Amino acid sequence: MTPVSTFRHRRLAVIPDADDYIYHAIRSRIQSTLLFQGIYLRNADLVFTILGCPNLTIIWDLEGHLTPLHAAVQLRPPNEQIVTPLINQRQDDIMQRDDEGRVPLHHAIEAAWKTKPPEGEVRSEFANVIRYLMRNMQRTDFDIKDDSGRSPWYLLCDPSNCTCGYPECAASWIRELRDTLEPIRGPALDENSEGPSEPVAPPEDSAQYRACVTTDGTVGEFYHAYDERSRRVQERINLKTPSIYRMMYDPRYGCAKILQFSRRREGSQDFRCRWIHIPANNVRATSRHEPTERLTESRNNG
Ligand SMILES: [Zn+2]
């Protein structure tokens, strides 16, 4: 809480403009309170509305020890609708530590472990919260230690030695989330690079050049994006079918630029995979235009 004494020299009723520091202090206090109340009351609409406020400044809760994400992942039963936008819009909170040095993953796993939900909707929602946290972390951080040297998985029964006494040990499905997490993370292709080697364009009077200009190929990408309307992360596909020349040799284009240009503009995007299909083995195209080795090579590299 901002101490009242800070403002003592000023009459609080007088706020000259929106840049005023007292205005900002009051505003961030109100926003923070509403955000945390939204989380504790499981009011996803309120959380979403506050997250949409421009220049949001959040004061951590409970004497500055909890980020909104720490608070949200502790909810039991879990609430994916609240956790997902918090992860998407406050990425820095994912690796923040509370006063015991615990990151949100510590709390998310603890909540699932303590609840021990049977197979069904609640378990699936816990699983999604934990999975989505992990998808937004570096793999090397999955075993991050708190101030007592405990990893997020510390509470769980040892895989080879169940000591919890429950007929179905929750440690197995919780650990499985990590074991089955997709191996892919991060952008599959550097936006500034077209791959390990720059292909050299064929001379303009060659058959290869004509083949590349008149034959189309498909570039595509699958990615995850946060959907404002449904408030969920959705899988998206972005497809373009430019000429082979444009996707491979034209310095103004290239696959990365083509995809970047055609992708829907939206907040956070998380890539699953990209692929490039070059019809080098298309009989009609190949017999007509005699494309050379290079196309075949490129297809394999793509
Ligand atoms: Zn056990």
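Everything quoted here is computed from the prediction, not taken from an experiment.

Novice: What am I meant to see in the overall build of the chain here?
Specialist: Each helix and strand counted, the chain has 13 helices and 3 strands in total. For the chain, buried positions account for 25% of its 302 residues.

Novice: Honestly, the environment of Ile94 in this entry has me stumped. Any pointers?
Specialist: Looking at the secondary structure, you find Ile94 in the loop between helix H5 (80–89) and helix H6 (104–115). Separated by 24 residues in sequence, Ile94 and His70 place their C-alpha atoms 8.4 Å apart. What Ile94 contacts, discounting residues up to four positions off in sequence, is Leu69, Ile87, Pro104, Leu133, Asn136 and Met137.

Novice: For this particular structure, what's the right way to read the packing of helix H2 (residues 44–51) against H5?
Specialist: The description of two helices packed together rests on the angle between their axes and the distance between the axes. Interaxial distance between H2 and H5 falls to 9 Å at its minimum, and their mutual angle equals 15°. Comparing the axis directions of H2 and H5 gives the class roughly parallel. Crossing hand, H2 versus H5: left-handed. Facing H2, whose interface residues are Ala44, Val47, Phe48 and Leu51, H5 presents Gln81, Ile82, Pro85 and Gln89. Grouping the amino acids of the contact of H2 with H5 by side-chain chemistry returns 6 nonpolar, 2 polar and no charged.

Novice: Even after reading the chapter, I still don't get unusual backbone geometry, so can you show me in this structure?
Specialist: Keep in mind that most residues, glycine aside, have a negative phi and that most peptide bonds are trans. In this structure, the amide linkage connecting Arg76 to the following residue, Pro77, adopts the cis form with an omega of -5°. By the element assignment, Pro77 lies in the loop between helix H4 (68–73) and H5. With a phi angle near 45°, Leu62 is a residue other than glycine that sits in the positive phi range. With respect to the element layout, Leu62 can be found in helix H3 (residues 61–64). Within the chain, Lys116 stands out as a residue other than glycine whose phi angle is a positive 45°. Within the secondary structure, Lys116 is located in the loop between H6 and helix H7 (121–135).

Novice: What is the right way to look at H5 in this model?
Specialist: Spacing of three or four residues puts side chains on the same side of an α-helix, whose turn is 3.6 residues. Counting buried positions over the 10 residues of H5 gives 8, a clear majority of the element. Among all positions in H5, only Glu80, Ile82, Val83, Thr84, Pro85, Leu86, Ile87 and Asn88 are buried.

Novice: Any chance you could explain the sheet that holds strand S3 (residues 269–277) here in plain terms?
Specialist: Think of a sheet as strands paired side by side through backbone hydrogen bonds, with each pair either parallel or antiparallel. Taken in spatial order, the 3 strands of this open sheet run S2-S1-S3, and their pairing is antiparallel. Each end of this open sheet is capped by a strand with a single partner; those strands are strand S2 (232–240) and S3. Each strand of the sheet is rotated relative to its neighbour by a mean of 15°, with strand direction disregarded. Of the strand pairs in this sheet, strand S1 (residues 218–227) and S3 are connected by 8 bridges, and their pairing is antiparallel. What sits directly across from Val219, in S3, is Ile276. Contacting S1, S2 and S3, helix H11 (residues 255–262) runs over the sheet at an angle of about 125° to S2.

Novice: Mind showing me how you'd approach the pairing of S1 here?
Specialist: A regular strand carries its side chains on alternate faces of the sheet. Sheet topology places S1 next to S2; 9 bridges connect them, and they run antiparallel. What sits directly across from Val219, in S2, is Lys240. Counting the residues between successive antiparallel strands, the hairpin from S1 to S2 contains 4 residues, one of them, Arg231, with a positive phi of roughly 60°.

Novice: What is the right way to look at H11 in this model?
Specialist: Of the residues making up H11, those classed as buried are Cys255, Ala256 and Leu259. Taken end-on, H11 shows its buried residues confined to a sector of 95°, consistent with a single buried face. Where H11 is buried, its residues contact S1, S2, helix H10 (244–248) and S3.

Novice: Can you walk me through the packing of helix H1 (residues 21–40) against H2 in this structure?
Specialist: Relative orientation of the contacting elements H1 and H2 amounts to 150°, with a least axis distance of 7 Å. Here H2 runs roughly antiparallel to H1, going by the angle between their axes. With respect to the hand of their crossing, H1 and H2 are arranged in left-handed fashion. From H1, Gln31, Leu34, Leu35, Gly38 and Ile39 reach across to H2, where they touch Leu46, Val47 and Ile50.

What counts and what doesn't
- Residues numbered from 1 in each chain as written.
- Predicted model: local features only at pLDDT ≥ 70, side-chain atom pairs only at ≥ 80, totals over all residues.
- Helix = DSSP H or I, 4+ residues; strand = E, 2+ residues; numbered from the N terminus.
- Buried ≥ 20, exposed ≤ 12 C-beta atoms within 10 Å, placed from the backbone.
- Contact = placed C-beta atoms within 7 Å.
- Axes fitted to C-alpha atoms, helices over the stretch in contact; angles between N-to-C directions.
- Parallel < 35°, antiparallel > 145°, perpendicular 65-115°, else oblique.
- Left-handed = near helix turned anticlockwise from the far one by under 90°.
- Nonpolar A, V, L, I, M, F, W, Y, C, P; charged D, E, K, R; others polar.
- Pairing = 2+ DSSP bridges.
- Arc of directions from axis to C-beta.

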